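# Fold and geometry: a report
Residue-level listing of the chains:
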Amino acid sequence: MLDTYQKKYTNNNRQFVLIDKTGIVLESDQTLMKIAFGHSIFELHPFFESLTSVFESKEEVNFYGIHIPFEDQLFIVDIKAAPVKEGLLLILKDLTEHYNSYQKITQTRNESVIKTELTVLKNQELAERERFKNSFIQNFSHELRNPLTSIMAIIEILGDTEMTNEQLQMLDFLKESNTNLRLMLEDTLSIGMIDAGQLQIQKGVFDLHKFFELLIFTYKAKAKEKGLKFDCLWDEKIPKLVEGDRLRLYQIVTNLIDNALKYTEQGSIQFDVKLNQKRANIVNLRFEVTDTGVGISEENKDAIFESFRQVKSNGTTKGVGLGLTIAKKLLLLMNSTIKMQSTLGEGSKFYFDLSFEYPLFTDSNSELSSKARRPKIEAKHLDQKKYKILLVEDDTYVQTTLFKILLNTNRFKIDLAYDGALVLQEVVTNNYDLILMDVNLPNLDGNQITRLIRDFPFKNIKNTPIIGITANAYEESIAECLKAGMQKVLTKPFEKDDLLKLIYKILK
Amino acid sequence: MQKSKKIVVLGHFGVGKTSLIRRFVTDTFSDNYKVTIGVHITKKVVEISVENEVSLILWDLEGTDDIATIRNSYLLGTHGAVFVFDVSRPSTFEHLKDDLKIISDKMPKVPLMVVGNKSDLVTESELKEVLDEQEISVDFLTSAKTGKEVNTLFLKLATLLTTDA
Ligand SMILES: Nc1nc2c(ncn2[C@@H]2O[C@H](COP(=O)(O)OP(=O)(O)OP(=O)(O)O)[C@@H](O)[C@H]2O)c(=O)[nH]1
Ligand SMILES: [Mg+2]
């Protein structure tokens, strides 16, 4: 009695099968599958064919998770194969349910592992592409500096010649376009420098009120040209003198205002500065640029801060420029973030908070204001003699332009050299007042030549002033030039006036 | 009776072992991934030359990221082995050399084919990069999806097994 029940409850997932050495089924209890006696078990499923090797091994072998479809059912069984004197005893244990639930768990696990791996790979690839894109753009921008310098110089020389009004107007356009191009180039290079960690925040004391006044002066006119209003309001309690990076702050604010101007066709642009907090010797200020422009749609709100992204507006695509990206990155350097509110069709507001230290006691600000005065290019202090300049430059465009600029002043006698070896010869035979030298020269580069000159035993040669010219504006490469012994380094593209100013100053 | 040869197909999970066998046996492919648990065994008779047929018994093993954990009973009586990795997922071939060493220790003298699958997912040059990194030579670059090199792989192994015997 009891053993019938026992059988029912304990053995219903197990089937015992006895086969002979050739695989013929001798006996089977048929609990799971009804196997035909007297036939080869190999016909049941290809799994059994491999049992031949168990005969040879003479040891019990356990197989796990074998899938055996039988009639309309799929059995997933563990199989124990034990050699016995008749042949082989097989014990099939039905674990279909167990394996099915194990399958589900493994499915989830494997899928998530694979998905994670592919996501990581994808991100790596994107980062790689971003790096490549950036370095490509950086190199490309450097390459553009030479021709831009030439164009700029030629425009200026042309401006000094007789021209009709119409020609002058065209020249103005040309100059304007060239300046825009140059600014874009500078922006691109700034981004590269920020990304490469080569741009550092340099703090100094400056007059914040003057700073605001300058912005009003600049942007009132610019806005008016476009038929817009520009206004700037600041809290009276904001200290006049603060310590911070004036240049970068200027870059951030002007980028935001320029951007507002670009996207506003009517109405006004408002620049406000509010006092968040003033404590000990620290002020925290909020800067806000508000416009009544086209506004930014929800989907574009992140994209506008990305470099070289195009944003769709009114069905057309428009380059957003790099201004916002630069502002965002510079603010990050100053531990601040740019924020934005915008309604499509109504306008946008960009704002950020910044802290400044401010001196509690100040003598006067006379020094500051005198610094701000723009010096005129004057050469009155110089002798009336013609100064001898050696111009070392391998790029013929730049060479001719520089040559013309210098010649036009009627103050210099100019020799040309293209190559490092030539320079040294020239230097020894002529007594130059100044050497103007490209840093990137074939064979011997500008730094090497400078070092050689500085090592000369003769004082008059050794001490010849050297001005370097480079398209590479990175701080470290400029530092390298100075270390080699150059007095000053001018980065391309530069304006004619800057060059002359520098030359006059050094000759003094 | 036909000669029959047991071939085990192993490798990390998700590399396409099941898909390769499915392509070879039924010439079909599915984009859906269904994890194999335990082992699926199928059979296919191939004609190596006229009057020379061999029946391949293909053991499609559960994938694992640790080859050492494969149960020895699965490998018992194996005539040939195929190790599959996924060319689009470095984790499946990062330790190729070690994995192959474990396999040949477990099954000395068993011919082994090393297969990079999913070749349709990467470009020629990426593929070359992957291969150049390996000290081991890869025997086949397959795609279960397009069927590329799949039959060639199994036929080559079948030929190898029948001429050796
Ligand atoms: N594009 C592409 N996808 C493939 C290829 N082979 C397999 N896949 C896909 O990869 C996934 C995994 O394939 P499977 O054949 O199940 O992989 P497996 O090696 O058997 O996986 P486990 O059983 O878990 O070890 C599935 O989604 C397949 O569609 C291939 O050659 N190309
Ligand atoms: Mg599988």
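Now for a look at the structure at hand. (Residues numbered from 1 in each chain as written. Chains lettered and ligands numbered in written order. Predicted model: local features only at pLDDT ≥ 70, side-chain atom pairs only at ≥ 80, totals over all residues. Heavy atoms only, no water.)

### Things to note about the coordination of the magnesium ion (ligand 2)
Residue and element names in this part refer to chain B. Every protein donor of the magnesium ion (ligand 2) is listed here as T18 (OG1) and T36 (OG1), and their distances to the metal cover 1.9 to 2.1 Å. Of this pair, T18 sits in helix α1 (residues 17-26) while T36 sits in the loop between α1 and β2 (39-49), and the two are 18 residues apart along the sequence. Take T18: its relative accessible area is 25%, and that puts it in the partly exposed class. Exposure remark for T36: the relative accessible area of 9% places this residue in the buried category. (Donors = N, O, S within 2.8 Å, 3.2 Å for Na, K, Ca; no water. Helix = DSSP H or I, 4+ residues; strand = E, 2+ residues; numbered from the N terminus. Buried < 20%, exposed > 50% of the residue type's maximum accessible area, 1.4 Å probe, protein only.)

### Some points on the site of ligand 1
In the vicinity of ligand 1 lie 23 residues, with B:K17, B:S19, B:S30, B:Y33 and B:D120 positioned nearest. In this structure, ligand 1 is bordered by residues of chains A and B. Interatomic distance of 2.6 Å between a side-chain N/O atom of B:K17 and an oxygen atom of ligand 1. When residues of the shell around ligand 1 are assigned to their parent elements, the largest contribution, three residues, is made by α1(B). When grouped by side-chain class, the residues that make up the shell around ligand 1 number seven nonpolar, 11 polar and five charged. (Near = heavy atom within 4 Å. Polar contact = N/O pair within 3.5 Å; in protein donor to acceptor, adjacent residues only side chain to side chain. Nonpolar A, V, L, I, M, F, W, Y, C, P; charged D, E, K, R; others polar.)

### What about the packing of helix α10 (residues 420-429) of chain A against helix α11 (residues 446-454) of chain A?
All names here are of chain A. Taken N-terminus to C-terminus, the directions of α10 and α11 make an angle of 25 degrees; their axes are 10 Å apart at the nearest point. Relative to α11, α10 is oriented roughly parallel. Crossing of α10 against α11: the hand is right-handed. On the side of α10, the interface is formed by G420, V423, L424 and V427, while α11 contributes I449, L452 and I453. Along the lines of polarity and charge, the residues of the contact of α10 with α11 split into six nonpolar, one polar and no charged. (Axes fitted to C-alpha atoms, helices over the stretch in contact; angles between N-to-C directions. Parallel < 35°, antiparallel > 145°, perpendicular 65-115°, else oblique. Left-handed = near helix turned anticlockwise from the far one by under 90°. Contact = heavy atoms within 4.5 Å.)

### Some points on helix α3 (residues 96-106) of chain B
Residues and elements named next belong to chain B. Three or more residues of α3 are buried, namely L96, D99, L100 and I103. Looking down the long axis of α3, one finds its buried residues gathered within 95 degrees of arc, a one-sided arrangement. The inward-facing, buried residues of α3 contact β1 (3-11), β4 (80-86) and β5 (112-117). (Arc of directions from axis to C-beta.)

### Here we look at the nonpolar core
Ranked by size, the top nonpolar core spans 51 residues in total, and within it A:L51, A:F63, A:I79, A:L90 and B:W59 carry the most contacts. It is strand β3 (residues 61-70) of chain A that provides the largest number of residues to this core, a total of five residues. Setting aside anything within four residues of it in sequence, one finds A:F63 in contact with A:F47, A:L51, A:V54, A:V77, A:D78, A:I79, A:A81, B:W59 and B:S73. Formed by 49 residues, the second largest nonpolar core is a distinct cluster that contains A:M193, A:L261, A:F287 and A:L324. (Core = buried A, V, L, I, M, F, W, Y, C linked by side-chain atoms within 4.5 Å.)

### Details of unusual backbone geometry
For A:E71, which is not glycine, the phi dihedral falls at a positive 45 degrees. Structurally, A:E71 is set in the loop between β3 and β4 (73-84).

As far as function goes, none of this settles anything; it's purely spatial.
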